[in-house]
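Residues per chain, in single letters:
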Amino acid sequence: EAGVVQSPRYKIIEKKQPVAFWCNPISGHNTLYWYRQNLGQGPELLIRYENEEAVDDSQLPKDRFSAERLKGVDSTLKIQPAELGDSAVYLCASSPYEGAETQYFGPGTRLLVL
Amino acid sequence: QKEVEQNSGPLSVPEGAIASLNCTYSDRGSQSFFWYRQYSGKSPELIMSIYSNGDKEDGRFTAQLNKASQYVSLLIRDSQPSDSATYLCAVKGGSTLGRLYFGRGTQLTVWP
């Protein structure tokens, strides 16, 4: 069974530029999460989807961040414009259904904003 | 706002020793507790989950939960160099159902 796929794995951009991350969850997993992990910190939830509905986006900085999960499968997280403080690893995770205890993480996208 | 606190380490133990990792949490209503292992440059991987007071053993790993003290720990017996990683404590439930809160992690080094 293929795991969670993310791309790109690395991204370097200048501040004020836009950037987008893509995630393909494990097949059949209805719940998808986007986390941000700063250096030396644990992951922090940005948004959680149940199918195509965003059910928890209270931690998403909506002035510059947006996300979508069309057709309830793949998801894209966008930052526009990027700031220096956005440098972090962006992790996507999925689980089979709402309330499932195990979340499976993808390899992450390491973003560096110069 | 939930807080999950871990002793920041780094923790260094010799091969074969017991490594003890500790975590406290602020939300008394929390219901599910997890330990994730994260190798450098890799993504977190679930290694243990515990839901009721007491001990839960899985191979060389033992998770301990004390809800009255709001404390959860992970013991690694017969530590191996391959156990060297950052261990993240995570908590779920209580005031914010469905959201997983992570601590900042404890870096463990097992030296031969």
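Calculation rules
- Residues numbered from 1 in each chain as written.
- Chains lettered and ligands numbered in written order.
- Predicted model: local features only at pLDDT ≥ 70, side-chain atom pairs only at ≥ 80, totals over all residues.
- Heavy atoms only, no water.
- Helix = DSSP H or I, 4+ residues; strand = E, 2+ residues; numbered from the N terminus.
- Rg over C-alpha atoms; globule rule 2.2 N^0.38 Å.
- Patch = residues over 30% accessible without salt bridge, like charges linked within 9 Å, V, L, I, M, F, W, Y side chains within 5 Å.
- Areas by Shrake-Rupley, 256 points an atom, 1.4 Å probe, with all protein chains shown as cover.
- Salt bridge = Lys/Arg side-chain N within 4 Å of Asp/Glu carboxyl O.
- Buried < 20%, exposed > 50% of the residue type's maximum accessible area, 1.4 Å probe, protein only.
- Disulfide = S-S within 2.5 Å.
- Pairing = 2+ DSSP bridges.
- Contact = heavy atoms within 4.5 Å.
- Buried area = accessible area lost by both parts, 1.4 Å probe.
- Polar contact = N/O pair within 3.5 Å; in protein donor to acceptor, adjacent residues only side chain to side chain.
- Axes fitted to C-alpha atoms, helices over the stretch in contact; angles between N-to-C directions.
- Core = buried A, V, L, I, M, F, W, Y, C linked by side-chain atoms within 4.5 Å.

Caption draft 1: Inspection of the overall build of chain B at higher detail. Per the secondary structure count, chain B includes zero helices and 11 strands. Going residue by residue from the N terminus, the α and β elements of chain B occur as β-β-β-β-β-β-β-β-β-β-β. Compactness check: chain B gives a C-alpha radius of gyration of 13 Å against a globular reference of 13 Å for 112 residues, within 12% of the reference. In terms of its C-alpha atoms, chain B occupies a principal-axis envelope of roughly 45 × 30 × 20 Å.

Caption draft 2: Geometry of a nonpolar patch on the surface. Residues and elements named next belong to chain A. A cluster of nonpolar side chains, Ile 12, Leu 112 and Leu 114, forms an exposed patch at the surface whose accessible area comes to about 300 Å². Along the chain, the position of Ile 12 falls in strand E2 (residues 10-13). Take Ile 12: its relative accessible area is 58%, and that puts it in the exposed class.

Caption draft 3: Structural detail: the state of the cysteines. Residues and elements named next belong to chain A. Using the criterion set out here, one finds two disulfides over all chains in the structure. For Cys 23, the disulfide goes to Cys 92, at an S-S distance of 1.9 Å. An S-S torsion of about -70 degrees defines the bridge between Cys 23 and Cys 92 as left-handed. In this pair, Cys 23 is assigned in strand E3 (residues 19-24) and Cys 92 in strand E9 (residues 88-95), connecting sequence segments 69 residues apart.

Caption draft 4: The arrangement of the pairing of strand E5 (residues 44-50) of chain A in detail. Residue and element names in this part refer to chain A. Counted residue by residue, E5 has six buried out of seven residues, so it is predominantly covered. Pairing geometry for strand E4 (residues 31-37) and E5, over six bridges, is antiparallel. In the strand pairing of E5, Leu 32 is matched with Tyr 49. Across three bridges, E5 lies against strand E6 (residues 53-56) in antiparallel orientation.

Caption draft 5: Examining the interface of chain A and chain B more closely. Residue-level contacts link 22 residues of chain A with 18 residues of chain B. Between chain A and chain B, a total of about 1,500 Å² is buried, with carbon and sulfur atoms accounting for 43% of that surface. When residues of chain A are sorted by the area they lose upon contact with chain B, Pro 43, Glu 101 and Phe 105 of chain A head the list and together hold 32% of the total. For the interface between chain A and chain B, the tally reads two salt bridges. Residue Asp 56 of chain A is joined to Arg 99 of chain B by a salt bridge in which the shortest nitrogen-to-oxygen separation is 2.7 Å. Taken together, the links from chain A to chain B amount to seven residue pairs in polar contact (both at pLDDT 80 or more). Elements that contribute at least two residues to the side of chain A that touches chain B include exactly E4 and E5 of chain A. The element that contributes the greatest number of residues to the side of chain A that touches chain B is E4 of chain A, accounting for three residues.

Caption draft 6: Quick peek at the sheet that holds strand E3 (residues 19-25) of chain B. Residues and elements named next belong to chain B. Reading across from one edge, E1-E3-E8-E7-E6 is the order of the five strands in this open sheet, with antiparallel pairing throughout. Every interior strand has two partners, whereas the edge strands, strand E1 (4-6) and strand E6 (54-58), have only one. Shown here is a sheet whose adjacent strand axes are inclined to one another by a mean of 20 degrees, direction ignored. Where E3 lies against strand E8 (residues 71-76), six bridges are found, and the strand directions are antiparallel. Its bridge partner lying in E8, Leu 21 is registered against Leu 74.

Caption draft 7: View of the nonpolar core. Residues and elements named next belong to chain B. Counting 24 residues, the largest nonpolar core has Trp 35, Val 72, Leu 74, Ile 76 and Tyr 87 as its most contacted members. Listed by contribution, the elements that provide at least two residues to this core are E3, strand E4 (30-38), strand E5 (45-50), strand E7 (61-66), E8, strand E9 (85-93) and strand E11 (106-111). If we ignore the near neighbours within four places in the chain, the residues touching Ile 76 are Ala 17, Ile 18, Ala 19, Leu 21, Arg 60, Phe 61, Asp 83, Tyr 87 and Leu 108.

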